[in-house]
Every structure is written in C-alpha cells, then in structure tokens.
Amino acid sequence: MKTFQNPEPKQWQALTQRPTADFSSIEPIVNEVFTAVQNNGDVAVRAYSQKFDKVSIEDLILSQDAIATAESELPSELVRAIDVAYDNIYAFHKAQETAPVHVSTMKGVDCWQVKKPIEKVGIYIPGGTAPLFSTVLMLAIPAQIAGCKEIVLCTPPSEKGVPAAIRYAAAKCGVTMVAQIGGIQAIAAMTFGTQSVPKVYKIFGPGNQFVTVAKQKATQYQTAIDMPAGPSELLVVADTTANPKYVAADLLSQAEHGVDSQVLLVSLEKDLIKKVAAEIEVQLQELPRKDIAKKALDNSLAVYFDDENTALAFIDAYGPEHYIVCVKNERLFVDGVNNAGSVFIGNYTPESAGDYASGTNHTLPTNGYTKQYSGVNLDAFTKAITYQRISAAGIQALGPSIEAMAAAEGLDAHKNAVSLRLKDLNNG
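Novice: Looking at this structure, I do not really get the packing of helix 2 (residues 27-40) against helix 8 (residues 183-192). What am I missing?
Specialist: For any two helices packed against each other, one specifies the crossing angle of their axes together with the interaxial distance. Across the interface, helix 2 lies against helix 8 with an axial gap of 9 Å and an inter-helix angle of 45°. As summarised for this structure, helix 2 and helix 8 are arranged oblique, according to the angle between their axes. Both helix 2 and helix 8 take part in a crossing whose hand is right-handed. For the pair formed by helix 2 and helix 8, the contact residues are Ile29, Val30, Val33, Phe34, Val37 and Gln38 on the first element and Ile184, Gln185, Ile187, Ala188, Ala189, Thr191 and Phe192 on the second. Broken down by class, the residue content of the contact of helix 2 with helix 8 amounts to ten nonpolar, three polar and no charged.

And the structure:
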C-alpha cells in the first residue's frame, strides 16, 4: 500500500482514482455476442459458453430435481448458516415495505402512489474463483418480498455444474428459473430472451469487466440494470481506538476479492499505518488467495490526516462502497459522511457481516457512484405508479391554474382540455 501524509485537496482526485480498466477493447466482443444471441438465441449462447467458459451445456436450464436435491449435498452447518442469513436479510428488507401514499392536495383533488413489483427480473451470479451464493440471497430475497413474478438466475457452471450452495439459496428464495449461463452471453440472453431464457425487465448482480460492459449494453434495449458496478472496494477510517489486527483483516477481506479490488486506510494516527502494515504481512501468509490480495494491495493506499474534518472531506470525495468507522469521534464520521454504500461501525463490526448475514444488502455502488446511487434495496425491485381523481368541485378550483400555465407555455390543447370541462360545469 502506498502511504501519504496530509495530501492537499488538489491531489485528492488522483489519489481517489480506481484501478478501472479501459473498456474500449471489450466493447467489440460484447457487441458481437449481443448480435449473435439476438439473432440465434440458444445456439449462440451454447457456442459462447464453449468458447469463453470451456463448457458444453446440453440443458441450459436446471431441472427442478437438480435444485431440490441441493440441500442434501451441503454440510448441515452451511445449510444452517444460509438459513440464518436468509432470515436476517429477509427481516431487514421486509421492514423496507411502505404503505401507499394518499394525499388530498386541495379540496376535490386526490393523489396517491402505489408501488408495484417489476414483473420479470434477472439475477447474475458470478462463478469463477469464488461462486457467490451469498449474492443469491441478497438479490432474490428482495425480489421475493417485492412479489416479482419471474426471477431468472444466470450463473456459469463449473465442470461439476452449478454449485449446490447456489442451487439451495435459489430454491429457498423462490427463484423461478436457474440457467447455466455465464458472462456476456448470460446478460444478452436475459436482455433479448432466447428459446430457453425469458427476456427480463431489469438485470441485477455483480460481475467482471465483461459483465459490466454487457449490462451497460443491455440498457440500450429497454432493459434496466441495478447500477454501474466495478471491482470491490473498502475504506477504513481509524485512530488509536482501532485494533490494528482487525483493521488489517478487514482490508484483506476485500483485497482477496480480485486483483483489481482496492482498499484504503485513512488514519488519524501515524503509527497506526505501520502497525496495520505489519499485521497485513503476517495475515497474508495464511491466505489461500494471498497472490490476489497482494496485487490488489498494489492498487491501494494508506493516508494520514492530522485533522478530522479534512479526513472526512477526503472520505466523501472517495465515496467508498464499504466504509468502516473505528474512531473515538464516531458521530462525526458516521453522521457526517454523505457518500458511502454501506457503513460498518466499531471494532466488532467487520465488513464480512454485511457481505453475508447481518441483514443489509451487499450489492453496492462502486467506483465513486455512491455519490448518486444507493445499494440494492426493496425499492430496486419495484416501480411506483401515481394515481389521481378530481371531482367537479376540484377541477373548478384547480382548473384556472392549469389554464394559466398551459396558456403561458403555448399549449392550447392542454388548456382546452380543462376549459371544456369548466364551461360545461359553469353552464350546468
């Protein structure tokens, strides 16, 4: 990790850059796959699965038997762990339900809003070095609570097929279809629909740079996505109250995600940076994914500030996906931050808790998008419809205002739609 002391604000933009790749080399292959899947459906999906994932897939869609037997293939302690996580995530997202809003804006004018589920949603679950069955819970549970009619899950199979943990989580969360498809071809299949995979209205889930570009491409075809997403990131702000061992462990927990992940330590104590660096070296040796973590640490930095408010301003400029606060002055760094995906407070709140089982969602905006996006929540799986009813007395009271505004904008037909009604009422 590179170290900096009290960097000037003019340096912050450079320091807060993410190690993002240049997508220009990826876009041509994404365009190629999208065109092929749009024209040839399942045939193209199978061809690209063979080309990219080196798997030959006869049945793109898992059978119900394959999903139903998943629990028996898992250790009982893992089943219990998934069940605990399910209950906590369900409880937190269920609490996000809101009642319809109904307001009489003036006498005779009633307006209300009702949230409806997005009928068809797609969930992408990465495979590769770390199949993320926890992401099934994070995405399918709110879809289940929202009442989405179709929940289509796509994930690349390994040589042994789709991992049992993913299948078990899918069954528990009410996923309606599990497709053994990964990468660009999975996003394209959910965007256009194929002979096996239905078209969805919104696609959720993390992925590598190919999936990221494919999701952005999907938005050109009336398919929404959850958010722009990139490599995982974490920022820890710490002072003398923090445990260096815990801080190091938290930094490494995100660094092991991938070589393009990024972690930051913002320290209010100079010596803490050295202590954490020493702990990182010790803990790295015990990690099976230490080579990945080492490369991620090359993208990472530790920054010392002697002023709390300046440190907070730097954190807000970065806008971390995950944000851990281990400082004496908690209120300043918790209440004062505007840009963060999810916040973890105190020495005994590891980021891993949010990744798995505390109840909050781990699908969060990265790459500074916390400045304008929220993490996945129940509302992400719904859309709001507004309604209004105006009585005769209501249009008589409101109508003149509508007429005046329409006339000022030069939209005479808008004005006439009101004027005709007012004329009839005044004559009646």
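Novice: Help me out: how do you make sense of the nonpolar core in this one?
Specialist: For soluble globular proteins, the rule of thumb is that nonpolar side chains tend to be buried together. Val121, Val136, Leu137, Leu153 and Phe381 are the most contacted members of the largest nonpolar core, which has 41 residues in total. Secondary structure elements with two or more residues in this core: helix 5 (76-94), strand 4 (120-124), helix 6 (133-146), strand 5 (150-154) and helix 7 (164-172). The element contributing the most residues to this core is helix 6, with nine residues. Once residues lying within four places of it in the same chain are set aside, the contact partners of valine 121 are Ala143, Cys148, Glu150, Ile151, Val152, Val200, Lys202, Phe204 and Phe381. Ala36, Leu60, Met177 and Ala188 belong to the second-largest nonpolar core, a separate cluster that totals 33 residues.

Novice: I'm lost on helix 13 (residues 308-318) in this one. Help?
Specialist: One turn of the α-helix equals 3.6 residues, which is why residues spaced by three or four share an orientation. Buried within helix 13 we find Ala311, Leu312, Phe314, Ile315, Asp316 and Tyr318. Where helix 13 is buried, its residues contact helix 1 (9-15), strand 9 (233-238), strand 10 (262-267), strand 11 (301-304), strand 12 (322-326) and helix 14 (330-335). Residue aspartate 307 occupies the N-cap position of helix 13, its side-chain oxygen lying 3.3 Å from the main-chain nitrogen of asparagine 309. Trailing helix 13 by a residue or two, glycine 319 shows a phi angle of about 65°, which is positive.

Novice: Sorry if this is basic, but what is going on with the sheet that holds strand 2 (residues 101-106) here?
Specialist: Note: strands within a sheet are paired through backbone hydrogen bonds, in either parallel or antiparallel orientation. Pairing within the open sheet is antiparallel, and its three strands lie in the order 2-3-14. Every interior strand has two partners, whereas the edge strands, strand 2 and strand 14 (382-390), have only one. Ignoring strand direction, the axes of neighbouring strands in this sheet form an average angle of 20°. Helix 16 (residues 392-408) contacts strand 2, strand 3 (109-117) and strand 14 of the sheet and is inclined by roughly 95° relative to strand 14.

Conventions used here
Per-chain numbering applies: the sequence of each chain, read as written, is numbered from 1 onward. With the structure being a predicted model, the display of local features is reserved for residues of pLDDT at least 70 and the display and counting of side-chain atom pairs for 80 or more, all residues being used for whole-chain, interface and lining totals. By convention in this description, side-chain values take in all heavy atoms of the structure and omit both hydrogens and water. Note on definitions: angles span 0 to 180 degrees between N-to-C directions of axes, and those axes are lines fitted to C-alpha atoms, for helices only across the stretch in contact. Elements are defined by DSSP. Helices are runs of H or I of four residues or more, strands are runs of E of two residues or more, and each kind is numbered from the N terminus. By definition in this entry, angles of less than 35 degrees are roughly parallel, angles greater than 145 are roughly antiparallel, angles of 65 to 115 are roughly perpendicular, and the rest are oblique. A crossing counts as left-handed when the near helix is turned anticlockwise from the far one by less than a right angle, and as right-handed when that turn is clockwise. We call two residues in contact when some of their heavy atoms are within 4.5 Å. Throughout, the ten residues Ala, Val, Leu, Ile, Met, Phe, Trp, Tyr, Cys and Pro are labelled nonpolar, Asp, Glu, Lys and Arg are labelled charged, and all others, Gly among them, are labelled polar. The set of buried Ala, Val, Leu, Ile, Met, Phe, Trp, Tyr and Cys residues whose side-chain atoms join them within 4.5 Å is what this entry labels a nonpolar core. When accessible area is computed with a 1.4 Å probe and restricted to protein chains, residues below 20% of their type maximum are described as buried, those above 50% as exposed, and intermediate ones as partly exposed. Definition of a polar contact: a pair of N or O atoms within 3.5 Å, with one able to donate and the other able to accept a hydrogen when the atoms are protein atoms, and with sequence-neighbouring residues admitted only if both atoms are side-chain atoms. At least two DSSP bridges between two strands are needed for those strands to be called paired.

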